[in-house]
Amino acid sequence: MQGLKEFLRRFVRNWPAVGGFALLMIVLVMALAAPALYPGSPWDLVAQPFLWPGADAQFRLGSDMMGRDLGAGLFHGARVSLLIGFVATLVAVLAGIAIGALAGYYGGWVDDVLMRLTEMFQTIPPFIFAIVLVAIFQPTVATIVLAIGAVSWPAVARLVRGEVMALRNREFVQACIAIGMNDARIIFRHILPNTLAPVIVTGSLMVATAILTEAGLAFLGLGDPNVMSWGTIIGAGRDVLRTAWYVTAIPGVAILLTVLGINLVGEGLNDALNPRLRQK
Amino acid sequence: MPPTLRFLLRRLGQAIPIILGIAIFNFFLLHMAPGDAVDVLAGEAGGATPEYVAQLKAKFGLDQPMHVQLGKFLWNVATLNLGFSFRHNMPVVDLILARLPATLLLMICAIVLAFSAGLVLGVTAARNLNKAPDRIISVMALLAYATPIFWIGLMLILLFSVKLGWLPSSGMETIGGDLSGAARIWDVARHLVLPAVTLALFFMALYTRLMRASMLEVYGLDYVTVARAKGVGERGIAYRHVLRNALLPMITMLGLQVGSLLGGSVLVETVFGWPGLGRLAFESVFQRDYNLLLGILLLSSALVVLVNLLIDLLYARLDPRIEVA
C-alpha cells in the first residue's frame, strides 16, 4: 500500500505523464460513449456526402464520400483501436511471460530451444508477418489480435527471461527450492511478481505499437470488415484526398493523440517504477 | 584462419538454423492458406473435372505425404527456388529480385536520413539539456514517434503535391518521360523525396531520442570529467569524446530496426505507389498470391539476418573493445 502511494505520488508529479493519462481517458470515454451517442452503425449512410466539418450542426465532424457520419466513425473507431491494442498486448505479454519464465527458470536445453524460437520470431519483419497472418487466416478482430500478439511477444520473453535468470539465483528462491516448494509455485508466487515492474512498462509501450499496427493493417484493407477502424477510414479517405482531405486528417489525428497518450503514460510509469533512472 | 572469417563462419552457423526455422514455418503457413495452386488454376479454368484436378495435384506434387513435400520445399528454398507466382506467370524469385532495388533505394535513403538527422538533433538536444532547443526537439520527436507512417505520408502528399505542387505524389519516374542520364536521376530523386522522408520520420524520432539519452549517459562518465578538468572545450568534449562512444547504441539500434523498416516500407510504398517489394507484398495479398507473399516474408527475413551480420562486423571495427572472435 505504501509502495502504491509512493508510486502515485511520483507519477502525478510528472506532468507529461498526467497529460498522457488525460488524453487516454478522453479516448476511453469516447469508446465507452460511442453506442450511446451514435446508436446506429457507423457504416450507415446517414448524411449528405462530403459535408465538411462544421457545415452541418447534426454532423459536426462532417461526412465521408458515401455520406457516413465521421463522428460516428471516430467514436466507434476508438473502441476498436483500444480493444485491439490492449487485448493484443495482453496476449503478447502472457505468451512472453510464459516462454520467458520457462526459459529463464529451467535453463539448459529448454532455454536453448525457446530462445532459438524467440530469435526466429524476432528476425521476421513484424509488420509483414502480421500482414501474412491476417491475410491467410482472414481479417477478423480475433485474427488481428492474435497476429499482433504473435509478432510482439519476443521482446517480453527476452525481458522476462533475463529477470527470471537473475532472480533464480537469489537466496530467497534458493530457500524455496531447499524447502521443496514446487516449481509452479516458486515461479508464480515468488519470481514473477518481482518481474512485474519492467513488464508493465514494456507492455504499456507495446499497446501504442499494437494500435499503430492495427491502423496500418486496416489502412491496407486488412481490417475486420464488420467494425469501423480509424485505419479503415483513412484508407477510404485516401481516394478523395485532393477534394476532401478532412476525411483522412481527422482519424489520423485521433491515432496520433491516442498513441502519444500511451507513450507518455508508459514513460511516466517507467520513471515512477524505476526512480533511479529518472534523471536520464 | 583470420578472426574476421572465423567470426563470419560462426555467425553464419547461427543464422542458418534461424532461416531454416523460418522456412519450415513458411511451409506450414502456406499449407494453411485457403486454396492451393491447383484450386487457383482449376478455378481460373472455370471448374475442372476431378481427374484433371488429380492430374494437376500430381504434377505439383501436392498428392505426396507432408514430410516429402516439406523436404522438397526446403530443397527448393536452399536452391533459391521459391515457387511460381500464377498471377504474374513468373518465378517468385525473379519477381522479388526485380522489385528489390527500388525498395533498397528507398530504405537506404530513409535510414541515412533518419540516422544523420537523428544524430544531429540528438547531439543538439543533449548539449542544450532542458533549454529551448532540447525542449523543441524532444516534443517534435515525441510527436513524430506517435504518428502513423501512412498518415503522415498522405499529409505530405496533400501539402507538397496537391497544395503546393512541388513534388510528384506517386511512382518512381515520370510515366512516358523517356528520360536518360542526369535528367532521369533528377526525376527519380524528385519522386524519392516524399517517400524517403515519410519512412525516415519515425526512425528519425527514434534515433533522436536514443542519441540524446546515449549522449547524456556518456556525459556522466569519469573520463568526460577528466577531459573537462584538463581544459578541453565543450565543443571538443561533445564531438571528440562523447559522440564517438554515444554512437554505439545507435548502431545496435540500426540492426534491430531493419525489420520494422521493411514493414514500414510496405505502407510507404502503398501510399506513394513506389514499385518495390512492399507494394508487391500488398498486391499479392489482394491477388491471393500466397506463394509470392510468403516468398517475400522469407527473403525479407533473410535480409534482416544479412544486415545484422554486416552490422556486427561494423561494430567490431568501430569498437576495438569488442572482439570479433
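Residues numbered from 1 in each chain as written. Chains lettered and ligands numbered in written order. Predicted model: local features only at pLDDT ≥ 70, side-chain atom pairs only at ≥ 80, totals over all residues. Heavy atoms only, no water.

**Q** Hey, could you run me through the overall build of chain A in this one?
**A** Assigned secondary structure in chain A consists of 11 helices and 0 strands. Taken from the N to the C terminus, the helices and strands of chain A come in the order α-α-α-α-α-α-α-α-α-α-α. Within chain A, the proportion of its 280 residues that are buried is 52%. Taking contacts inside chain A between residues at least 6 apart in sequence as the whole, the part at least 24 apart equals 73%. Summing over all exposed atoms, chain A offers an accessible surface of approximately 12900 Å²; the carbon and sulfur share of this is 65%. Distance between charge centroids for chain A: 10 Å, based on 19 positive and 16 negative side chains. (Helix = DSSP H or I, 4+ residues; strand = E, 2+ residues; numbered from the N terminus. Buried < 20%, exposed > 50% of the residue type's maximum accessible area, 1.4 Å probe, protein only. Contact = heavy atoms within 4.5 Å. Areas by Shrake-Rupley, 256 points an atom, 1.4 Å probe, with all protein chains shown as cover. Lys, Arg positive; Asp, Glu negative; His and termini not counted. Charge placed at Lys NZ, Arg CZ, Asp CG, Glu CD.)

**Q** Would you mind showing me how to read the packing of aromatic side chains here?
**A** The geometry of an aromatic ring pair is captured by the separation of the ring centres together with the interplanar angle, meaning the angle of the planes. All names here are of chain A. Following the criterion strictly, the structure yields 12 aromatic pairs over all chains and no others. Relative to F129, the ring of F121 has its centre 5.8 Å away and its plane inclined at 55°; by these criteria the two rings are tilted. With relative accessibility at 13%, the residue F121 sits in the buried group. Given the relative accessible area of 1%, F129 is considered buried. (Phe/Tyr/Trp six-rings, centres within 6.5 Å; stacked < 30°, edge-to-face > 60°.)

**Q** What should I look at first to understand the side chain of S265 of chain B in this one?
**A** Residue and element names in this part refer to chain B. Locating S265 in the fold gives a position in helix α11 (residues 258-272). Given a relative accessible area of 1%, S265 falls into the buried group. At 2.7 Å, the side chain of S265 forms a polar contact with the backbone oxygen of L262. Dropping the residues within four chain positions of it, S265 is found in contact with T103, L106, L199 and G278. (Polar contact = N/O pair within 3.5 Å; in protein donor to acceptor, adjacent residues only side chain to side chain.)

**Q** I tried to follow the domain arrangement of chain B on my own but got confused; where do I start?
**A** A common way to report how large an interface is uses the accessible area buried once the components associate. Residue and element names in this part refer to chain B. By the assigned domains, chain B splits into domain 1 (3-92) and domain 2 (99-318). The straight-line distance from the C-alpha centre of domain 1 to that of domain 2 is 33 Å. Contacts between domain 1 and domain 2 engage 23 residues on the former and 17 residues on the latter. Of the roughly 1900 Å² buried where domain 1 meets domain 2, counting both sides, 73% is carbon and sulfur surface. For the interface between domain 1 and domain 2, the tally reads 1 salt bridge. We note a salt bridge from D312 to R11, for which the minimum N-O separation is 1.8 Å. (Domains from an automatic or database assignment. Buried area = accessible area lost by both parts, 1.4 Å probe. Salt bridge = Lys/Arg side-chain N within 4 Å of Asp/Glu carboxyl O.)

**Q** Explanation requested: the interface of chain A and chain B in the structure shown.
**A** Taken residue by residue, the interface counts 41 residues in chain A and 45 residues in chain B. In this assembly, chain A packs against chain B so that about 4000 Å² is buried in total across both faces, 80% of it on carbon and sulfur atoms. When residues of chain A are sorted by the area they lose upon contact with chain B, T123, I128 and I136 of chain A head the list and together hold 15% of the total. If you look at where chain A meets chain B, you find 1 salt bridge. A salt bridge links R209 of chain B to E267 of chain A; the shortest N-O distance between them is 2.4 Å. Across the chain A-chain B interface, the total number found is 4 residue pairs in polar contact (both at pLDDT 80 or more). Looking at the side of chain A that touches chain B, the elements that each hand over two or more residues are α4 (108-123), α5 (126-137), α9 (196-219) and α11 (246-273) of chain A.

**Q** Is there a simple way to explain a nonpolar patch on the surface in this structure?
**A** Residue and element names in this part refer to chain A. Together, F21, M25, L28 and L32 make up a nonpolar patch on the protein surface, roughly 360 Å² of accessible area in all. Within the fold, M25 resides in helix α2 (residues 15-37). Under the relative-accessibility criterion, M25 is labelled partly exposed at 30%. (Patch = residues over 30% accessible without salt bridge, like charges linked within 9 Å, V, L, I, M, F, W, Y side chains within 5 Å.)

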